[in-house]
Number of protein chains: 2
Amino acid sequence: MRAVSETGYRVNAAARDLRQRRARSILILAPNLSNTFFSRIFAAVQEEASAAGLTVQISDSRIGRDRILSLGHDGRADGIVLLDGGLEPEVVNGWQLPLIQLSEWNDAYVAPHLGIDNHAAASLAVEHLAELGHHSVMHVSGPKHNVLAVARRDGFLAESAKRAMEPSVFSGDFTLEAGAEAARRWARLPVLDRPTGVFCASDECAFGFISESVHMGYTVPGDVSVIGFDDIDFADRFLPALTTIHQPRAEMGRIAAKRVIDMIRCLHREGLGPSEDPTQSIEASLVVRSSTGPASRGRDAVT
Amino acid sequence: MRAVSETGYRVNAAARDLRQRRARSILILAPNLSNTFFSRIFAAVQEEASAAGLTVQISDSRIGRDRILSLGHDGRADGIVLLDGGLEPEVVNGWQLPLIQLSEWNDAYVAPHLGIDNHAAASLAVEHLAELGHHSVMHVSGPKHNVLAVARRDGFLAESAKRAMEPSVFSGDFTLEAGAEAARRWARLPVLDRPTGVFCASDECAFGFISESVHMGYTVPGDVSVIGFDDIDFADRFLPALTTIHQPRAEMGRIAAKRVIDMIRCLHREGLGPSEDPTQSIEASLVVRSSTGPASRGRDAVT
DNA sequence: CTGAAAGCGCTTACAG
DNA sequence: CTGAAAGCGCTTACAG
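Residue positions are given per chain, counted from 1 along the sequence in the order it is written. The naming scheme follows written order: chains are lettered A onward, ligands numbered 1 onward. In keeping with the model being predicted, local features are shown solely for residues with a pLDDT of at least 70 and side-chain atom pairs are shown and tallied solely at 80 or more, while totals for entire chains, interfaces and linings include all residues. The basis for the side-chain values is all heavy atoms of the structure; hydrogens and waters are excluded.

### What about the pattern of salt bridges?
- The salt bridge criterion pairs a side-chain nitrogen of Lys or Arg with a carboxyl oxygen of Asp or Glu, the two atoms within 4 Å. Inspection of every chain in the model, using the stated rule, returns 32 salt bridges over all chains.
- For R184 of chain B, the salt bridge is made with E181 of chain B, and the minimal N-O distance between the two is 2.5 Å. Remark: E181 of chain B and R184 of chain B occur in helix α8 (residues 176–188); sequence separation between them is three residues, near one turn of the helix.
- Each of the salt bridges in this network shares a partner with another, and the network as a whole consists of E177, E181, R184 and E212 of chain A together with R237 of chain B. The numbering of helices and of strands both runs from the N terminus, where a helix is a DSSP run of H or I of at least 4 residues and a strand a run of E of at least 2.

The following block contains the structure:
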């Protein structure tokens, strides 16, 4: 044994993987690797995986059917954390691997899902605006076919209907630019028709909205209250600090990772059942900061 | 062949890797996966790798000597993109793999480096402040032993000395919180000693500084001009929009990936030499936005 | 050109 | 308990 360590021997992973029919690796798939929403999730997944002796592979999930298909098929991953609900169900269900859906989901995928209740979270945002006296409220939504976007929009619509508010929706795509465009559209509305409360489907989008409104001469929350969604790192340092829906991203990544790892172990008959409670859920919460305030009468920008 | 595709046969990567003595995978190592500076680099590396038929592994580089050592040794990666200059040289040089240093570097690593000239970029920032008439300038630095932090601080010091300015340095660590702490320290200075220009070693840090100063009642750039470093995604939507040093992160990731891929191919005798010019360098530039302005006389905050 | 054999470096089941 | 053999699923070099 001493000789072994002295010569600096290292097991060859490819050989071991082949013999054991496992890869000691988990794969993270996300629709856009440069989105800051995902970064903390990646970190958490990698931390858990590393602690379990697993390696982490990462890939953009929008890289073409063939490539994505082979990622789950070539025997290089033992399990998958999937952050994209927009892949073809045949592809996802075709991978015969432990898989967990995180954040986004798709009912056609035969796999457990972990994430917040987006509908309820959107209601929270509307409730907050209602309590501040806002009556006319606007939602800057995410992409039309994104499950998260749909759930948040439906939650917004349902809650504002329940409270007899006047809701409107601007169709966006979660980006800064969509928020800015929504602000321009908002400003073009006749003063009296202008919503005084805006709920954005993402923090980025809210940053874009606020930034553009301020550039046009409006004040936040003086002229318009803005709520984001996600509570990304910069939210509390934005000016004004952003009122938003907090998603515990690190926790989400950690639990998802633990759960795939459990599924993998279970498959290999290691350990006796899951260490994580599979019904454990993730709670979103409203974080009130400075971008929302009492409803004011509409007025024109001081340009 | 038809029968093959009809049965849905897929080559087993572990078996092929073992036989061919390669992994078709590159490894990205970064000191902190949740830092937004890295996200766009990851995306670019993964894009290039995917185009070349390679898989991407990602890992935090601060996970313990043994684990990090085996990542480069177990035959699962063909090449490495290293974003951390703080690992032990014996570890890094012990991996006998194609490797490129990106952004951070360490002279003890026997591997090419790709990145901007941080010293020169810092000079650019000081030059900008000088042209706006600032005389007393402060630098909020990165961690003491970080190469990037040292280069930026030295550039700041050299350029401000050259221009006979009055420089001071607050020792930070690139974070929002460090920026905020620097702002508090700054505010405590006697009005006449207060630097009117602040150069932060990162955008996050600049956000923290601006956010905290505004909360204390100061205005940016009215009372103090602030420059960041990196030009991360939110920089142009911050309020005020952040003047900063632009680093072309996507391009950095892309070129680094191409270069490791070339090194790998070269090693396997595929292709005839590098497709990328190995002397190609990365240029940083100053992006002037709204967080900097003419030097004003110091005054106390309207609290 | 085609097809069978050897071998990549491990792990595991089995014989001694 | 120890040690030699078989085999994971491929690729490649070689014999026919």
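### A word on the packing of helix α2 (residues 13–20) of chain A against helix α2 (residues 13–20) of chain B
- The angle between two axes is taken between their N-to-C directions and runs from 0 to 180 degrees, where each axis is a line fitted to C-alpha atoms and a helix contributes only its stretch in contact. The interhelical angle for the contact between α2 of chain A and α2 of chain B, taken along N-to-C directions, is 145°, at an axis separation of 8 Å. For the element pair α2 of chain A and α2 of chain B, the recorded crossing hand is left-handed. Side by side, α2 of chain A and α2 of chain B meet where A14, A15, D17 and L18 of chain A of the first sit next to A14, A15, D17 and L18 of chain B of the second.
- Think of it as three bins: nonpolar holds Ala, Val, Leu, Ile, Met, Phe, Trp, Tyr, Cys and Pro, charged holds Asp, Glu, Lys and Arg, and polar takes everything else, Gly as well. Broken down by class, the residue content of the contact of α2 of chain A with α2 of chain B amounts to six nonpolar, no polar and two charged. A crossing counts as left-handed when the near helix is turned anticlockwise from the far one by less than a right angle, and as right-handed when that turn is clockwise. A contact between two residues is defined here by any heavy atoms of the two lying within 4.5 Å.

### Description of the packing of helix α3 (residues 36–51) of chain B against helix α10 (residues 249–267) of chain B
All names here are of chain B.
- Two elements in contact, α3 and α10, have axes separated by 7 Å at closest approach and are oriented at 40°. Here α10 runs oblique to α3, going by the angle between their axes. In this structure, α3 crosses over α10, and the sense of that crossing is right-handed. Where α3 abuts α10, its residues T36, F37, F38, S39, R40, I41, A44, V45, E48 and A49 lie against R249, A250, G253, R254, A257, K258 and I261.
- Looking at the contact of α3 with α10 residue by residue, the class counts come to nine nonpolar, three polar and five charged. Under this scheme an angle from 65 to 115 degrees is roughly perpendicular, one under 35 degrees roughly parallel, and one over 145 degrees roughly antiparallel; angles in between are oblique.

### Comments concerning the protein's contact with DNA strand D
- Think of it this way: one heavy atom of a residue within 4 Å of a molecule or strand is enough to make that residue near it. In the neighbourhood of DNA strand D, the contacting residues comprise L18, R19 and R21 of chain A together with Y9, R10, V11, N12, A15, R16, R19 and Q20 of chain B.
- The share of sugar and phosphate among atoms of DNA strand D within 4 Å of the protein is 73%.
- Whenever a nitrogen or oxygen atom comes within 3.5 Å of another N or O atom, the pair is scored as a polar contact, on the condition that within protein one atom can donate a hydrogen and the other can accept it, and that pairs from neighbouring residues in sequence are kept only if both atoms are in side chains. One of the side-chain N or O atoms of Y9 of chain B is found 3.0 Å from a phosphate oxygen in DNA strand D.
- Interatomic distance of 3.4 Å between a backbone N/O atom of R10 of chain B and a phosphate oxygen of DNA strand D.
- Sorting the residues of the surface near DNA strand D by element identifies α2 of chain A together with α2 of chain B as the ones contributing at least two each.
- The element that contributes the greatest number of residues to the surface near DNA strand D is α2 of chain B, accounting for four residues.
- For the surface near DNA strand D, the class distribution of residues is four nonpolar, two polar and five charged.

### Section: the packing of aromatic side chains
- Classification of ring pairs rests on two measures: the distance between centres of Phe, Tyr or Trp rings, Trp counted by its six-membered ring, which must be within 6.5 Å, and the angle between planes, read as stacked under 30 degrees, edge-to-face over 60 and tilted in between. Scanning the entire structure with this criterion turns up 18 aromatic pairs over all chains.
- Where F207 of chain A meets F234 of chain B, the ring centres are 5.4 Å apart and the plane angle is 85°; that geometry is what we call edge-to-face. A residue pair is termed interchain when its members come from two chains, as with F207 of chain A in helix α9 (residues 203–215) and F234 of chain B in the loop between β9 (225–230) and β10 (243–246). You'll find F207 of chain A and F234 of chain B in the same group, each marked buried. Residue exposure (1.4 Å probe, protein chains only): buried if accessible area is under 20% of the type maximum, exposed if over 50%, otherwise partly exposed.

### Quick word on the interface of chain B and chain A
- Across the contact, 54 residues belong to chain B and 54 residues belong to chain A.
- Accessible area, probed at 1.4 Å, shrinks when two parts are joined; the buried area is that loss added up over both. Surface buried jointly by chain B and chain A totals about 4500 Å² across both partners, of which 59% is contributed by carbon and sulfur atoms.
- Contact with chain A buries area across many residues of chain B, yet F234, R237 and L239 of chain B alone supply 19% of it, more than any other trio.
- Where chain B touches chain A, the interface holds six salt bridges.
- Here R76 of chain A and D17 of chain B are joined by a salt bridge, their closest N and O atoms 3.8 Å apart.
- Across the contact surface, chain B and chain A share 16 residue pairs in polar contact (both at pLDDT 80 or more).
- Contributing elements (two or more residues each) for the side of chain B that touches chain A: α2, α3, β2 (55–60), α4 (65–73), α8 and α9 (203–215) of chain B.

### Details of the domain arrangement of chain A
Residue and element names in this part refer to chain A.
- The domains assigned to chain A are domain 1 (2–114 + 249–278) and domain 2 (118–247).
- Between domain 1 and domain 2, the C-alpha centre-to-centre distance is 34 Å.
- Contacts between the two partners involve nine residues from domain 1 and, on the opposite side, ten residues from domain 2.
- Interface area, domain 1 with domain 2, both sides summed: about 890 Å², of which 51% is carbon and sulfur.
- It is F37, W105 and R249 that lose the most area in domain 1 upon contact with domain 2, and together they represent 53% of the buried surface on that side.
- One can count two salt bridges joining domain 1 with domain 2.
- We note a salt bridge from R40 to D233, for which the minimum N-O separation is 2.9 Å.
- Here domain 1 is connected to domain 2 by four residue pairs in polar contact (both at pLDDT 80 or more).
- Listing elements by their share of the side of domain 1 that touches domain 2, those giving two or more residues are α3 (36–51) and α10 (249–267).
- By residue number, the principal contributor to the side of domain 1 that touches domain 2 is α3, which donates three residues. Where a domain begins and ends is set by an automatic assignment or by a domain database.

### Points about the protein's contact with DNA strand C
- Contacts to DNA strand C come from Y9, R10, V11, N12, A15, R16, R19 and Q20 of chain A together with L18, R19 and R21 of chain B.
- At 3.0 Å, a side-chain N or O of Y9 of chain A approaches a phosphate oxygen of DNA strand C.
- A15 of chain A has a polar backbone atom sitting 3.4 Å from a base nitrogen of DNA strand C.
- If you tally residues by element for the surface near DNA strand C, the top one is α2 of chain A, at four residues.
- In terms of residue class, the surface near DNA strand C is made up of four nonpolar, two polar and five charged.

### A few points about the environment of G115 of chain A
Residues and elements named next belong to chain A.
- Among the structural elements, G115 can be located in the loop between β5 (113–114) and α6 (118–131).
- Since its relative accessible area comes to 17%, G115 is described here as buried.
- In the structure, G115 is positioned 133 residues away from P248 in sequence and 9.5 Å away in space, judged by C-alpha atoms.
- Setting aside chain neighbours within four positions, we find G115 in contact with S103 and I282.

### A few points about the side chain of R249 of chain A
All names here are of chain A.
- Position of R249 among the secondary structure elements: in helix α10.
- Here T36 takes part through its backbone oxygen, which lies 2.8 Å from a polar atom of the side chain of R249.
- Leave out the neighbours within four places in its chain, and R249 touches T36, F37, F38, S39, R40, I41, I232 and D233.

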